[in-house]
There are 6 protein chains.
Amino acid sequence: MADYERILITGAAGSLGAQLREGLADFAPRLRHADRADMGVAAANEELVVCDLADRQAAFACIDGCDAIVHFAGNPREHPFDELLRDGLPAAYNIWEGARRHGVKRIVHASSIHAVGFCEVEEVPDTRVPHRPDTFYGLGKCFVEDLAALYWDKWGLETVCLRIGSCSPEPADRRMLWSWLSAADLVRLTEAALTAPRVGFSVIYGTSDNAQAAVSNAFATHIGFVPRDSADGHAPAVLELTPRPDPHARATRVIGGGFAAAGHPDDDRR
Amino acid sequence: MADYERILITGAAGSLGAQLREGLADFAPRLRHADRADMGVAAANEELVVCDLADRQAAFACIDGCDAIVHFAGNPREHPFDELLRDGLPAAYNIWEGARRHGVKRIVHASSIHAVGFCEVEEVPDTRVPHRPDTFYGLGKCFVEDLAALYWDKWGLETVCLRIGSCSPEPADRRMLWSWLSAADLVRLTEAALTAPRVGFSVIYGTSDNAQAAVSNAFATHIGFVPRDSADGHAPAVLELTPRPDPHARATRVIGGGFAAAGHPDDDRR
Amino acid sequence: MADYERILITGAAGSLGAQLREGLADFAPRLRHADRADMGVAAANEELVVCDLADRQAAFACIDGCDAIVHFAGNPREHPFDELLRDGLPAAYNIWEGARRHGVKRIVHASSIHAVGFCEVEEVPDTRVPHRPDTFYGLGKCFVEDLAALYWDKWGLETVCLRIGSCSPEPADRRMLWSWLSAADLVRLTEAALTAPRVGFSVIYGTSDNAQAAVSNAFATHIGFVPRDSADGHAPAVLELTPRPDPHARATRVIGGGFAAAGHPDDDRR
Amino acid sequence: MADYERILITGAAGSLGAQLREGLADFAPRLRHADRADMGVAAANEELVVCDLADRQAAFACIDGCDAIVHFAGNPREHPFDELLRDGLPAAYNIWEGARRHGVKRIVHASSIHAVGFCEVEEVPDTRVPHRPDTFYGLGKCFVEDLAALYWDKWGLETVCLRIGSCSPEPADRRMLWSWLSAADLVRLTEAALTAPRVGFSVIYGTSDNAQAAVSNAFATHIGFVPRDSADGHAPAVLELTPRPDPHARATRVIGGGFAAAGHPDDDRR
Amino acid sequence: MADYERILITGAAGSLGAQLREGLADFAPRLRHADRADMGVAAANEELVVCDLADRQAAFACIDGCDAIVHFAGNPREHPFDELLRDGLPAAYNIWEGARRHGVKRIVHASSIHAVGFCEVEEVPDTRVPHRPDTFYGLGKCFVEDLAALYWDKWGLETVCLRIGSCSPEPADRRMLWSWLSAADLVRLTEAALTAPRVGFSVIYGTSDNAQAAVSNAFATHIGFVPRDSADGHAPAVLELTPRPDPHARATRVIGGGFAAAGHPDDDRR
Amino acid sequence: MADYERILITGAAGSLGAQLREGLADFAPRLRHADRADMGVAAANEELVVCDLADRQAAFACIDGCDAIVHFAGNPREHPFDELLRDGLPAAYNIWEGARRHGVKRIVHASSIHAVGFCEVEEVPDTRVPHRPDTFYGLGKCFVEDLAALYWDKWGLETVCLRIGSCSPEPADRRMLWSWLSAADLVRLTEAALTAPRVGFSVIYGTSDNAQAAVSNAFATHIGFVPRDSADGHAPAVLELTPRPDPHARATRVIGGGFAAAGHPDDDRR
């Protein structure tokens, strides 16, 4: 299964990145991991690069020699617009532009359900609905999805955007009963996105095989993602420990949950 | 799993109501059952109320103190318009208006596939198609669905309308090979409708996990209903015992089956 | 242009009914007008019948001998459910069932935009969206639409439901800049609905040729309604005289306007 | 399970036909197999007819006495237009017209994914997309589908068109990881198409339960086809043995694969 | 306006072809007209070729030297399948294959509303609905549309298929009040189809600016066809002279009208 | 017509901004114009502010005291990502955030057809298709649209995004025959967007009443934009002076035209 010679995984020191580092350890002959933080000791087939992807030259150097990128770097919480402008957006440009210059074949990107977080739960949005970000965080994900579409349409660089739900050890609240993605399913999803014969520019939701589903992958079946875990076994405990939510609260009404309900990050800081 | 303190189940002496009475016995600390007919002996956590829900004061009294209603009362067969006007419609108003006045959180309603019974089988209608009732019975279900939508949109009272297929002990004819809903799946469906974190006004079809499916829950996955039974094991016997249907017969052509083919109830009585 | 021998117009003493009485005066050899109120003096080709259409025998007698019905009777404002149950619903049944028994060819019905009044303005609903009534008044219109669908699907009686916007002498507020239907356009709409070669069960919105349009007749073009009047000439005066609406107010947000914002009629009476 | 007295299977000497001959051996009391080639020895309930279905009288004779037809005859590879005109099209007419004259109840036809082969993979086409043939072979399938629609709409003869993917012993390349249909699933699909109570004119894709899916049966669930085999077990070997495809190559971009990429058959012969 | 050097018009002796011959007389420097029948005297910029387009060599010779084709040849009435097989289908192949070989830029084809004639009037089909032919005539049109799609997708040859309604001197019955296309509008439609900067494979309905519309060009606006005539002025006379149609008759129910209601051409001949 | 007390128009020294400055001169009691370049002499009701909107404090100061903003500032041509990051994105944030802080009621934004420039012409995209930018310029427009959606969904600030086609004095090439927007129609469009009673977050295409239309405002009719000019009168001259385009060229295939065909701005500079 050596479709790629060397895969770059960004954000490898982060929570999700670490899961991918472990889960994809045997997926390619060489794996290069990049992060601003220390990533520990390199395994035999690993290269560890500490760098800031918002630094163009550093990013290009990091990409050189890789034929696929799994781009998971980025602040996973709401943050001020200025941070987005300083970190997330330039890093994204550097990744796609670097990939174009260095002949990378495919990028798999950690987008987020928060790119469409203001869709209502009963709407059950598919992967073709217009963007509806619920935070500056989500707005950044929208931007990267559109950037990736441009690089596909114009320069033929393939991307799969994974609109990840809630990737935590266990479903911790009632919303996660539909939005939860297990770590193992995250690995399966990433592998499928790297393996599917043709993806062009594709978007797919990342949730496990949960009984409740507030998003639809009806138009993403060509990726071949089949989740094997489920939040359902956790449902009794979650229902026991958490109160019945108010259906009129914004956090319950839309798929973005608490992100949609949160205030402006600058207001919060005041 | 005590999201609700006291659930009112109407029609509890009926065939489906009895299944729910048994299936939901442990679902809430208190269960109040209402019917015009005798309901036997009350269990420890049960209250039995014999009343006519078309009587406004009786209905309101019945609702008082409950925080959820499972409304299954009603004549399950075709009946004259005058009966609908006298029984089904006023009872429905009394339930939703009583729920509004008494602060009920959510209603789960036994709607029916006959609300869209004139959709053709090959159309595979989803939960967003316009109403297409096949009987006065189905027309009454349409009315209650629209009433429930009004109470949600205007007064924020949540409802899930279960468009139940054929809830009988076993699939008895070829149409039931797709429309059958087992008693256990009916209970699962009702529990899911009571438990889903946010339903607003939602519609969902109630059929088991049958190989054939002439209706689609593609837009109802947020409810979290996963059927576990199937008509498929009964298929050999049903195919053996029943003749091949005429594909041009109205009862075969549309999803309402025999209901769609039946005459006007007043003509029948003449 | 004598497709029909005798047309029954109900509600002829009402505001819209009077416009139709005048506008359709030459449309058929005989016109029968029915209302609970006095309708003045009959013209040469008119028959005036004072009766209560909720009285079945009176309604049937009224229909006998007619081959088309223009059903405009009914309280055009929000009213308690009990009035709906006592008047609007039985009258509707009597009209369609009487039409079935007496071989009437087609019914044109004054439905209302309030049958889908809770659709949002930006949604621009077409004639295939599910019902979303904004009042008991609108709920009654939903019921009649569904009843008419049943009579077409089951007994082959054709109906066109006109979802009329705001039929007043002049557009009086900003919402009417899109919802206004002139009296002359109402007559054109009714004539088109009576004349189109095949309507089956059809729904069409009734608004004039206004620059703003918050509803879509994209699926109703087979009726052949071409409005010739427009609210646009009134726009400067309306904009001058009325304040800029609050976009977050329910009356601005949804197409039902003030009806959607109004309270429960029983609350109002308290 | 004797819905049909005698089923005609055409193309029984072909690869797929032979699988059906074996798989459907007990499905009806009598089975008549037709092919231009020798079909070996007849079993007890079999009749073997060697004939050219493009010969009208031979075809009609072959159909006489049958109440269902499984039409799988035809060149399964790209071929010149003139061969289509000489063989495939007249044979199809003879089958449907013969079926009409002899009162056949239902036809199950081996159509092909190549009838819509120019749909892109990310489009995940359903069974309601317009035709988009990728070859003269696919064009012939389009023609037969339209012919079958005409015979249903006009003369009430039912057909299910099976848009078969890749029916080979094993998935041999990466495209087959989504397009593969096992022989056993082909039999299940054909049985479902013969058994479903009402099909009118229906189209369904024929692929096994593969993780990747580039076509959607969302509107064909009324047929009741549940695949039980999967290409997934073959994925590791296929990925190992075949190179990563070029996503910009036509054969990768559209669902028709190599058929879409192939040249004009007359050019090939030059 | 000389986008093309020499345009071939086939069927120029036919009723529609003659209108195009006149209407397009100045559209290109050279016009070549082809028909099996005599076409009279050639104008200064005309070449007249009497030939049978089902004869491949004759067809290729006819195409040689042209850079656009307006293909209107063909029997405009229902005809037996064998005639389709002998004339219409081979002629179509010869036109598109000849165009491919001789570098023709674009073909405008007289398809027909009868390619989707079994769509119901209330459905108001757009240009993306699946084929639903109402005759062998309509089936032939479906075939040519699919053939044209193949030549675009595979060999980059552009086609616009004009689904012409009723192109007669005047609307003669009630159906033509929506389906009528004036001769002048036919010319406008053909010019638009030849002029639009990019058509790929496009389908467009050909009807005049009639108040009633049972088909929708919502997805064909890129062609730039703006009809200027209308059946509406003829409506009073048509309504006066023709009886009210039976809405349940097939000829009224579906857009194909009398074609859909006609029997099998072989039955007719018996 | 004084819905707003003071409107801020940004980019007033630009080509489109100047047209709006003139066209909206009487639309509000006070107009404030902002640009980085000199704007000449202020009229009686004008305030002219020279400032850089990417400077947050300057932008906020500029917004203070205004109740509506017409945001047209920005480089209207393709430009490097770094310029987008430095100018367009921060300016947009400053406008919407400033509007939130200063209680602005509504923003009308000059988005562009290039936000969806990679949609194909035959697709005729409506206002609900996902983004498909054709340049970094278009990517910036996508970002602002998503930002505006966030500010509506989260903070209730209304925006209309005008996806302007080609706003030049005259249509200069064949693509502009559909994409052209006259200056007067641009003013009408902006007025409609400021006047419509409720817009929430809305998108509308800005093209004149041209015969050809490659985009659809079917879901934007609530804005009330009725173009009165047309490119059609210029068609003969344009067709005469410009060659027939290659339908396979990217600039012809997609609605973005030359923008979609242009290379990477950094490559261009090399």
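It should be emphasised that the depicted structure is a prediction, and the values quoted were computed from it without experimental measurement.

The rules we used
- Residues numbered from 1 in each chain as written.
- Chains lettered and ligands numbered in written order.
- Predicted model: local features only at pLDDT ≥ 70, side-chain atom pairs only at ≥ 80, totals over all residues.
- Heavy atoms only, no water.
- Contact = heavy atoms within 4.5 Å.
- Buried area = accessible area lost by both parts, 1.4 Å probe.
- Salt bridge = Lys/Arg side-chain N within 4 Å of Asp/Glu carboxyl O.
- Polar contact = N/O pair within 3.5 Å; in protein donor to acceptor, adjacent residues only side chain to side chain.
- Helix = DSSP H or I, 4+ residues; strand = E, 2+ residues; numbered from the N terminus.
- Expected span 1.5 Å × (residues − 1).
- Buried < 20%, exposed > 50% of the residue type's maximum accessible area, 1.4 Å probe, protein only.
- Least-squares fit on C-alpha atoms with pLDDT ≥ 70 in both.
- Phe/Tyr/Trp six-rings, centres within 6.5 Å; stacked < 30°, edge-to-face > 60°.
- Lys NZ or Arg CZ within 6 Å of the ring centre and 35° of its normal.

K.L.:
What should I look at first to understand the interface of chain F and chain A in this one?
P.N.:
Where the parts come together, the accessible area they lose is often given as the size of the interface. With 41 residues of chain F at the contact, the number on the chain A side is 41 residues. Of the roughly 3500 Å² buried between chain F and chain A on both sides combined, carbon and sulfur atoms contribute 57%. It is Phe143(F), Asp153(F) and Lys154(F) that lose the most area in chain F upon contact with chain A, and together they represent 18% of the buried surface on that side. Linking chain F with chain A are eight salt bridges. Here Arg56(A) makes a salt bridge to Asp82(F), at a shortest N to O gap of 2.6 Å. The tally of links from chain F across to chain A stands at 26 residue pairs in polar contact (both at pLDDT 80 or more). Looking at the side of chain F that touches chain A, the element that brings in the most residues is helix α4 (residues 136–155) of chain F, giving 13 residues.

K.L.:
Where do I start with α4(F) in this structure?
P.N.:
Because each turn of an α-helix spans 3.6 residues, side chains separated by three or four positions end up pointing in the same direction. All names here are of chain F. Across its 20 residues, α4 extends 28 Å between first and last C-alpha, which sits within 8% of the 28 Å expected from 1.5 Å per residue. Buried residues dominate α4, accounting for 19 of its 20 residues. Of the residues one or two after α4, Gly-156 is the one with positive phi, at around 70°.

K.L.:
Looking at this structure, how should I read the relation of the copies chain F and chain A?
P.N.:
A rotation about some axis, followed by a shift along it, carries one copy of the chain onto the other. Overlaying chain F on chain A yields an RMSD of 0.0 Å, the required transformation being a rotation through 180° with an accompanying axial translation of 0.0 Å. Taken together, the rotation angle and the small translation identify this as a two-fold axis. Relative to the rotation axis, the closest C-alpha in chain F is found at Pro130(F), a distance of 2.4 Å. When the interface residues of chain F are mapped onto chain A, 100% of them are again interface residues, pointing to one common binding face.

K.L.:
Looking at this model, I keep getting lost on the arrangement of the chains. Mind explaining?
P.N.:
One thing to see here is that chain A and chain E don't touch, and their nearest C-alpha atoms sit 19 Å from each other. Regarding chain B and chain F, the two do not touch, and the least distance separating their C-alpha atoms is 19 Å.

K.L.:
Hey, could you run me through the packing of aromatic side chains in this one?
P.N.:
Each pair of aromatic rings is reported with the distance of its centres and the angle of its planes. One pass over the full model with this rule turns up 51 aromatic pairs over all chains. The rings of Phe81(A), Tyr93(A), Phe136(A), Phe143(A), Tyr151(A), Trp155(A), Phe81(F), Tyr93(F), Phe136(F), Phe143(F), Tyr151(F) and Trp155(F) are connected pair by pair, giving a single aromatic cluster. The side chain of Arg100(E) reaches across the aromatic face of Trp155(E), ending 4.9 Å from its centre.

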